[in-house]
Amino acid sequence: MPLGAIHLQFHSSGNHYVWRKVTSTVHNIIVGKLWIDQSGDIDVVNHKTKETCQLKFSPYSYFSRDVARKVTGVVTDGEAKAHYILSGTWDDKLEYSKIVQSSRGNSGSEGKQKTVYQTLPSKLLWEKYPLPENAENMYHFSELALTLNEPEEGVCPTDSRRRPDQRLMENGRWDEANVEKQRLEEKQRAVRRRREAEAVEAQDDGKEYEGYQPLWFEKKVDPISRETAFVYKGGYWEAKEKKDWKKCPDIF
């Protein structure tokens, strides 16, 4: 089940979008062909303009005549007037159509009266890139997914791309990667045990134990979702420009 809200803010325009993920379900974990499905509703809200995009991810059903992985949606303004409808699938493409007229139709299966939209011809909004050659030998990853773990010069020592067991695995050195993975996990356990001991000692002395604090983020209550979130507080890009990483902990 998804937890927490996702924020996307454009500083130049001030548009601030907030939404929550739908439910991802993995089928046939133990037996059969592994496959994943997305289902549920998403409300993407622009908190500057109050515009909303309501998306519905239809769950797969063997008995349904609908196309698999179907997504439908409607975009409304701050007064709840519909302007666009969306349709497509979450793994292939999404199209939008401008609404020119709307009217009340027959009642649906739940007794609610449906709205019928007359629209202009649809236009392509998003389409997935074709997979690279030999994708079946690379877990069907896209070109973007294949490059996410590529090494980059000048990043901080705690960057996940610097994790040594992961790099050994990508280079096909499986036995060494497994040994390195065990070393890293034991190192993490030792750090956790030390912090727990420090917390107990502080409690015994009647002192407040602050514990570990992130370098680049600080915990705040989000004014929109009212949830606790970690917000970037600055410093990373300045440290990267100066190549000054002395504040970074030794985690690898």
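Calculation notes
Residues numbered from 1 in each chain as written. Predicted model: local features only at pLDDT ≥ 70, side-chain atom pairs only at ≥ 80, totals over all residues. Heavy atoms only, no water. Phe/Tyr/Trp six-rings, centres within 6.5 Å; stacked < 30°, edge-to-face > 60°. Helix = DSSP H or I, 4+ residues; strand = E, 2+ residues; numbered from the N terminus. Buried < 20%, exposed > 50% of the residue type's maximum accessible area, 1.4 Å probe, protein only. pLDDT = per-residue confidence, 0-100. Expected span 1.5 Å × (residues − 1). Contact = heavy atoms within 4.5 Å. Pairing = 2+ DSSP bridges.

Caption draft 1: How the structure looks around the packing of aromatic side chains. In this structure the tally under the stated criterion is ten aromatic pairs. Ring centres 5.8 Å apart and planes at 65° place the aromatic pair F217 and Y232 in the edge-to-face group. Of this pair, F217 sits in strand β11 (residues 217-221) while Y232 is found in strand β12 (residues 228-232), placing the two residues 15 residues apart along the sequence. Assessed through its relative accessible area of 36%, Y232 is described here as partly exposed. Between Y236 and W245, the aromatic rings sit 5.5 Å apart at their centres with planes inclined by 40°, giving tilted as the arrangement. Note on accessibility: Y236 and W245 belong to one class, buried. Three or more aromatic residues joined by ring pairs make a cluster, and in this case those are W216, Y236, W237 and W245.

Caption draft 2: Geometry of the confidence of the model for the chain. Residues with a pLDDT of 70 or more make up 96% of the chain, whose mean pLDDT is 91. Across the chain, the secondary-structure element scoring lowest on mean pLDDT is strand β9 (residues 113-119), at 85, and the one scoring highest is strand β5 (residues 52-57), at 97.

Caption draft 3: Region of interest: helix α3 (residues 174-204). A rise of 1.5 Å per residue sets the reference length of α3, with its 31 residues, at 45 Å; its end C-alpha atoms lie 45 Å apart and thus fit the reference within 8%. Residues of α3 that are buried: A177, E180, L184 and A202. Elements that come into contact with the buried residues of α3 comprise α2 (164-170). Note on α3: the residue one or two positions beyond its end, G206, has a positive phi of about 75°.

Caption draft 4: How the structure looks around the pairing of β12. Bridge analysis of β11 against β12 gives five bridges, and the strand direction is antiparallel. Directly across from K219, in β12, lies its bridge partner F230.

Caption draft 5: Layout of the side chain of T89. Within the secondary structure, T89 sits in strand β7 (residues 82-89). Overall, T89 belongs to the buried group, its relative accessible area being 12%. Among all residues touching T89, those that are not within four sequence positions of it are V67, A68, R69, K70, V71 and W126.

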